[in-house]
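Remarks on the overall topology
So the chains spell out like this:
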Amino acid sequence: GGERLCPPQVSVLYFARSAELAGLRRETLRVPRQLTALQLWEEIVSVHPRLAAIQDQVIFAVRQEYVVLGDQLLVLQPGDEVAIIPPISGG
């Protein structure tokens, strides 16, 4: 088969503070198919540098599963949703 190795397009959803910093609520990005959660964050920050301000506070939700920014390997499929969830204000 013609298994094409072009990077998948994923939907990135920004919530709360991350939406303010990015200036939008959702977009589609091409990212490597396999990368760690931290590398994925770096890909997104390269598009929206202001997000670096909240790096130590955010978590991802990838296909509705929470992922902390770290060495966990993600294997992304085209059309996956990656939500960026900053801390919810209030203890």
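In the block above lies the structure referred to throughout.
Below: a short report on this structure.

The rules behind each value
Residues numbered from 1 in each chain as written. Predicted model: local features only at pLDDT ≥ 70, side-chain atom pairs only at ≥ 80, totals over all residues. Heavy atoms only, no water. Pairing = 2+ DSSP bridges. Helix = DSSP H or I, 4+ residues; strand = E, 2+ residues; numbered from the N terminus. Axes fitted to C-alpha atoms, helices over the stretch in contact; angles between N-to-C directions. Buried < 20%, exposed > 50% of the residue type's maximum accessible area, 1.4 Å probe, protein only. Contact = heavy atoms within 4.5 Å. Arc of directions from axis to C-beta.

1. Description of the sheet that holds strand 4 (residues 59–62)
- Strand order in the open sheet made by the 5 strands is 2-1-7-4-5, with mixed pairing throughout. The open sheet has two edge strands with one neighbour each: strand 2 (26–30) and strand 5 (65–68). Going from strand to strand, the sheet's axes swing by 30 degrees on average, the running direction of each strand aside.
- Two elements, strand 4 and strand 5, share 4 bridges in a ladder whose sense is antiparallel. Considered in strand 5, the bridge of Ile59 is made with Val68.

2. Considering the pairing of strand 7 (residues 81–85)
- Counting buried residues in strand 7 gives 4 out of 5 residues, a clear majority hidden from the surface.
- Both strand 4 and strand 7 contribute to a ladder of 4 bridges, which runs antiparallel. Its bridge partner being in strand 7, Phe60 is matched across the sheet by Ile84.

3. Side note on the environment of Gln72
- You can see Gln72 is positioned in the loop between strand 5 and strand 6 (73–75).
- According to the relative accessible area criterion, Gln72 is partly exposed, its value standing at 44%.
- Between the C-alpha atom of Gln72 and that of Thr36, which follows or precedes it by 36 residues, the distance is 5.3 Å.
- Excluding anything up to four places from it in sequence, Gln72 contacts Leu35, Thr36, Ala37 and Val67.

4. Topic: helix 2 (residues 37–47)
- Turning to helix 2, its buried residues are Ala37, Leu40, Trp41, Ile44 and Val45. Buried residues in helix 2, looked at end-on, bunch into an arc of 140 degrees, giving them a common side.

5. Section: unusual backbone geometry
- In the Ramachandran plot, Arg63 falls in the positive-phi region, its phi being about 50 degrees despite a non-glycine side chain.
- Since its relative accessible area comes to 45%, Arg63 is described here as partly exposed.
- Its identity as a non-glycine residue notwithstanding, Gln64 has a phi of 65 degrees, on the positive side.
- Tracing the sequence through the fold places Gln64 in the loop between strand 4 and strand 5.

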